[in-house]
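Listed here are the chains, written in short residue letters.
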Amino acid sequence: MKICVCIKQVPATTDVKIDPETNTLIREGIENQINPFDLYALEEAVRTKERRTAEGDPSTVTAISMGPPWAEEALREAISLGADDAILLSDKAFAGADTWCTSYTLAKALQKLNPDLVFCGMQAIDGDTGQVGPGIAAHLNYAQAAYVAKIEFLDNRKLVARRLIEEGYEVVEVALPAVLTVVKEINEPRTPSLRGKMNAKKAQIPVWGPADIGADPEKIGLRGSPTQVIKVMTPPCRSGGAKYEGEPEELAEKLYDVLKCLEVV
Ligand SMILES: Cc1cc2nc3c(=O)[nH]c(=O)nc-3n(C[C@H](O)[C@H](O)[C@H](O)COP(=O)(O)OP(=O)(O)OC[C@H]3O[C@@H](n4cnc5c(N)ncnc54)[C@H](O)[C@@H]3O)c2cc1C
């Protein structure tokens, strides 16, 4: 089975600056990390590889990331955690992409790799949209399941997954090839093994640009993005609010008066 996992490198600090011209995050010169949800996606990809290989279907995991040149670091970490190889999509033309363009770019690269299964995290902690996983599935015309908490069954034609929904769980059957986005309840990510660290050190990580994936220049980066961030601002701090003290009956009275003033009751 050919398995791919999408890894986003995100700021490891909340002290981020916004480029006043493009209104996108300045990612240079700050501490970065693998998006926390992608560590669960990676772990599930590696466990699936181990399970399928043990069932007689030799399988591999390729980690893929779209980002600046230093996102290579995140991919090396992914290899130390069990990925077999990695590919970095990096080019100035990809910069400033919205979720449509990010998922298009990743999908073009995945088309070249032709995976049976693609794992993504449920969301990235910076953009926070949760749109890229489903977007990749749409661009590839793959089946998909989001917020997956457990893979209950898997063969080379379909899988049965338990996904988190507001009311509890839902069990879905999904035909392969498919894209899954995972929640943190799905597993406990491993720590790097010595062998993993050695593989990471010596790994050759190819860097692909638009031409390598046959991407339409009109559909990538800030230029191709239907969504433009026109203003980024910190929400105003809210005042502390009023505090009331007293006996429960007294407090209930006071609260009723306040709600009445607000014409809520
Ligand atoms: C504060 C902020 C707000 C934004 N708001 C919007 C918005 O409203 N609309 C919009 O279109 N864009 C928005 N963007 C841009 C958006 O962040 C980027 O398009 C980004 O590349 C993907 O979206 P995301 O971060 O929400 O990822 P999500 O969709 O939350 O990521 C889900 C999963 O997709 C995979 N993934 C995501 N990005 C990559 C990558 N670069 N490489 C590999 N795998 C990846 C990972 O597995 C990740 O866990 C915003 C960016 C910021 C910083």
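Cut-offs applied
Residues numbered from 1 in each chain as written. Predicted model: local features only at pLDDT ≥ 70, side-chain atom pairs only at ≥ 80, totals over all residues. Heavy atoms only, no water. Near = heavy atom within 4 Å. Polar contact = N/O pair within 3.5 Å; in protein donor to acceptor, adjacent residues only side chain to side chain. Areas by Shrake-Rupley, 256 points an atom, 1.4 Å probe, with all protein chains shown as cover. Helix = DSSP H or I, 4+ residues; strand = E, 2+ residues; numbered from the N terminus. Nonpolar A, V, L, I, M, F, W, Y, C, P; charged D, E, K, R; others polar. Salt bridge = Lys/Arg side-chain N within 4 Å of Asp/Glu carboxyl O. Buried < 20%, exposed > 50% of the residue type's maximum accessible area, 1.4 Å probe, protein only. Axes fitted to C-alpha atoms, helices over the stretch in contact; angles between N-to-C directions. Left-handed = near helix turned anticlockwise from the far one by under 90°. Contact = heavy atoms within 4.5 Å. Core = buried A, V, L, I, M, F, W, Y, C linked by side-chain atoms within 4.5 Å. Expected span 1.5 Å × (residues − 1). Pairing = 2+ DSSP bridges. Parallel < 35°, antiparallel > 145°, perpendicular 65-115°, else oblique.

## What about the site of the ligand?
Around the ligand, the structure places 26 residues, and the nearest of them are K8, D38, A124, T129 and G130. In the environment of the ligand, an oxygen atom lies 2.8 Å from a nitrogen or oxygen atom belonging to the backbone of A124. A distance of 3.3 Å separates an oxygen atom of the ligand from a polar backbone atom of D128. Burial of the ligand by the surrounding chains reaches 84%, relative to a free accessible area of 920 Å². When residues of the shell around the ligand are traced back to their parent elements, those giving at least two are β4 (60–66), α3 (99–113) and β6 (117–121). For the shell around the ligand, a count of residues per class yields 10 nonpolar, 11 polar and 5 charged.

## Considerations on the pattern of salt bridges
Going through the model one piece at a time under the given rule, you end up with 13 salt bridges. A salt bridge links R190 to E43; its shortest N-O distance comes to 2.9 Å. Here R190 is found in the loop between β10 (178–182) and α5 (194–202), whereas its partner E43 is found in helix α1 (residues 36–54), with 147 residues between them in sequence. Residue R190 is classed as partly exposed on the basis of its relative accessible area of 30%.

## Looking at the packing of helix α2 (residues 72–80) against α5
It is the contact of α2 with α5, at a shortest axis distance of 7 Å, that shows an interaxial angle of 145°. Crossing geometry of α2 relative to α5 is assigned as right-handed. From α2, R76, I79 and S80 reach across to α5, where they touch G196, K197, N199, A200 and K201. Class assignment of the residues belonging to the contact of α2 with α5 gives a composition of 2 nonpolar, 3 polar and 3 charged.

## What about the nonpolar core?
Where a protein is soluble and globular, its nonpolar side chains tend to be buried together. Among the nonpolar cores identified, the biggest contains 39 residues, and V5, L42, A63, L117, F119, L159 and L180 are the most heavily contacted of them. What L117 contacts, discounting residues up to four positions off in sequence, is M1, K2, I3, C4, T48, L154, L159, L176, A178 and L180. C4, V118, I136 and V179 belong to the second-largest nonpolar core, a separate cluster that totals 24 residues.

## Topic: helix α8 (residues 248–261)
For an α-helix, the turn length of 3.6 residues means that residues three or four places apart are oriented alike. With 14 residues, α8 extends 20 Å between its outermost C-alpha atoms, agreeing within 8% with the 20 Å of an ideal straight helix rising 1.5 Å per residue. Note on α8: the residue one or two positions beyond its end, E263, has a positive phi of about 55°.

## Things to note about the sheet that holds strand β8 (residues 158–165)
Spatial ordering of the open sheet is given by β9-β8-β7-β10-β6-β1-β4-β5-β11, a layout of 9 strands whose pairing is mixed. In the strand order of this sheet, the two ends are held by β9 (168–175) and β11 (207–208), each with one partner. Pairing between β6 and β10: 5 bridges, direction parallel. By the bridge assignment for β10, V118 is matched with V179. Contacts from α3 reach β1 (2–6), β4, β5 (85–89), β6 and β11, with the element oriented near 150° to β4. Strands in contact with helix α4 (residues 132–140) are β1, β6, β7 (143–154) and β10; relative to β10, the strand with the most contacts, it is inclined by about 180°.

## Side note on the packing of α3 against α4
Taken N-terminus to C-terminus, the directions of α3 and α4 make an angle of 55°; their axes are 8 Å apart at the nearest point. Here α3 lies oblique to α4, going by the angle between them. Both α3 and α4 take part in a crossing whose hand is right-handed. Residue-level inspection shows T99, W100, T102, S103, Y104, L106, A107, L110 and Q111 of α3 in contact with α4, the latter providing V132, G135, I136, H139 and L140.

Such coordinate-based values are descriptive only and should not be taken to indicate function.
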